[in-house]
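Examination of the molecular architecture
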Amino acid sequence: MPTRTRPRRVPRAIVIAAAGASPAAASAACAGAEVESADQNTVALEQSILCLINERRANVGAGPVRPNGKLAQAAARHSNDMVSRGFFSHNSPGGGTFIDRITATGYMRGARSWLVGENLAWGAGSLSTPANLVDAWMKSPPHRANLLRGRFREIGLSGVRGTPSDAGQESGITVSSEYGYRALSKKSARKARKARKARKARKARQARRARARRS
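All values reported here derive from a predicted model rather than from experimental measurement.

**Thoughts on the pairing of strand 3 (residues 111-124)**
- Counting buried residues in strand 3 gives 13 out of 14 residues, a clear majority hidden from the surface.
- Sheet topology places strand 3 next to strand 5 (residues 172-184); 13 bridges connect them, and they run antiparallel. In the strand pairing of strand 5, leucine 115 is matched with tyrosine 181.

**A few points about the environment of aspartate 166**
- If you trace the backbone, aspartate 166 turns up in the loop between strand 4 (154-161) and strand 5.
- Along the backbone, aspartate 166 and arginine 85 are 81 residues apart, and their C-alpha atoms lie at a distance of 9.9 Å.

**Concerning the packing of helix 1 (residues 42-59) against helix 4 (residues 130-138)**
- The contact between helix 1 and helix 4 brings their axes to 9 Å, and the two run at 40°. Accordingly, the angle class assigned to the pair helix 1 and helix 4 is oblique. Considering the relative orientation of helix 1 and helix 4, their crossing is right-handed. Only Pro130, Ala131, Leu133, Val134, Trp137 and Met138 of helix 4 make contact with helix 1, whose side of the interface consists of Leu45, Ser48, Ile49, Leu52, Ile53 and Arg56.

**Looking at the state of the cysteines**
- Across all of its chains, the model carries one disulfide by this definition.
- Covalent S-S linkage joins cysteine 30 and cysteine 51, the inter-sulfur distance amounting to 2.1 Å. The sign of the S-S torsion, about -80°, decides the handedness of the disulfide formed by cysteine 30 and cysteine 51: left-handed. Placement of the pair is cysteine 30 in the loop between strand 1 (8-15) and helix 1 and cysteine 51 in helix 1, with a sequence separation of 21 residues.
- With a relative accessible area of 3%, cysteine 30 lands in the buried category.

**Describing the nonpolar core**
- The biggest cluster of nonpolar side chains holds 23 residues, and the ones touching the most others in it are Ile49, Ile53, Val134, Trp137, Leu147 and Val175.
- For valine 134, the contacting residues outside a window of four places in its chain are Ile49, Leu52, Ile53, Arg56 and Leu147.
- Ranked by size, the runner-up nonpolar core spans 10 residues in total, among them Ile99, Met108, Ala111 and Trp114.

**Brief notes about a positive patch on the surface**
- The grouping of Arg193, Arg196, Lys197, Arg199, Arg202, Lys203, Arg205, Arg208, Arg209, Arg211, Arg213 and Arg214 at the surface amounts to a positive patch.
- Position of arginine 208 relative to the elements: it lies in helix 6 (residues 186-214).
- For arginine 208, a relative accessible area of 46% puts it in the partly exposed group.

**Describing the side chain of serine 176**
- Within the element layout of this structure, serine 176 appears in strand 5.
- Polar side-chain contacts of serine 176 include one of 2.9 Å to the side chain of serine 79.
- In this view, serine 176 contacts Ala75, His78, Ser79, Met82, Asn119, Leu120, Gly156, Leu157 and Ser158; residues no more than four positions away in its chain are not counted.

**Side note on helix 4**
- With respect to burial, helix 4 is a largely interior element, nine of its nine residues being buried.
- Looking only at helix 4, the buried set comprises Pro130, Ala131, Asn132, Leu133, Val134, Asp135, Ala136, Trp137 and Met138.

The rules behind the values
- Residues numbered from 1 in each chain as written.
- Predicted model: local features only at pLDDT ≥ 70, side-chain atom pairs only at ≥ 80, totals over all residues.
- Heavy atoms only, no water.
- Buried < 20%, exposed > 50% of the residue type's maximum accessible area, 1.4 Å probe, protein only.
- Helix = DSSP H or I, 4+ residues; strand = E, 2+ residues; numbered from the N terminus.
- Pairing = 2+ DSSP bridges.
- Axes fitted to C-alpha atoms, helices over the stretch in contact; angles between N-to-C directions.
- Parallel < 35°, antiparallel > 145°, perpendicular 65-115°, else oblique.
- Left-handed = near helix turned anticlockwise from the far one by under 90°.
- Contact = heavy atoms within 4.5 Å.
- Disulfide = S-S within 2.5 Å.
- Core = buried A, V, L, I, M, F, W, Y, C linked by side-chain atoms within 4.5 Å.
- Patch = residues over 30% accessible without salt bridge, like charges linked within 9 Å, V, L, I, M, F, W, Y side chains within 5 Å.
- Areas by Shrake-Rupley, 256 points an atom, 1.4 Å probe, with all protein chains shown as cover.
- Salt bridge = Lys/Arg side-chain N within 4 Å of Asp/Glu carboxyl O.
- Lys, Arg positive; Asp, Glu negative; His and termini not counted.
- Charge placed at Lys NZ, Arg CZ, Asp CG, Glu CD.
- Polar contact = N/O pair within 3.5 Å; in protein donor to acceptor, adjacent residues only side chain to side chain.

Below you can see the structure in the form of structure tokens.
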């Protein structure tokens, strides 16, 4: 059966720093879900957002998305760019798309087919909590579709302090989330398996050396 190689693009963006937005329901399972961005570091905020996303996916029977370094790199570049240059869009002022950003990281390299998507959001004050950011995506049908899409397996998240309207807004946060799925070619899949085995063997050697030093 021929493999579909045509890329699919699923961009979505949302601003939640709007009057009348209602607080999101809390999640006891995800640490920091109700903590405003100014009161937690960005790593903790990103972990909380990931937890909430996977919680929502589990509720509909979709598998979890796991962090991917290349997608995170694309997300970080875009969040920083939106805050520093004061725009809020999937396309940069120079015309670059989120497909361009993800491709530049090498994420699609070696894949015979792939699917990527992007959700964006920014909020300030009480609207900058992970719960409110994820809730805003869930209340928007196109964003919800991205977040719950069963084919997605990987994600890159980046929260950057400040907003597209005010880079110095300490209570604000701008978040890019890049979703991805790759079907690797046979050659790339073999290389990936070989790399995983090498990493496993290296960790085992390091553990043995550590035990030997302690004895």
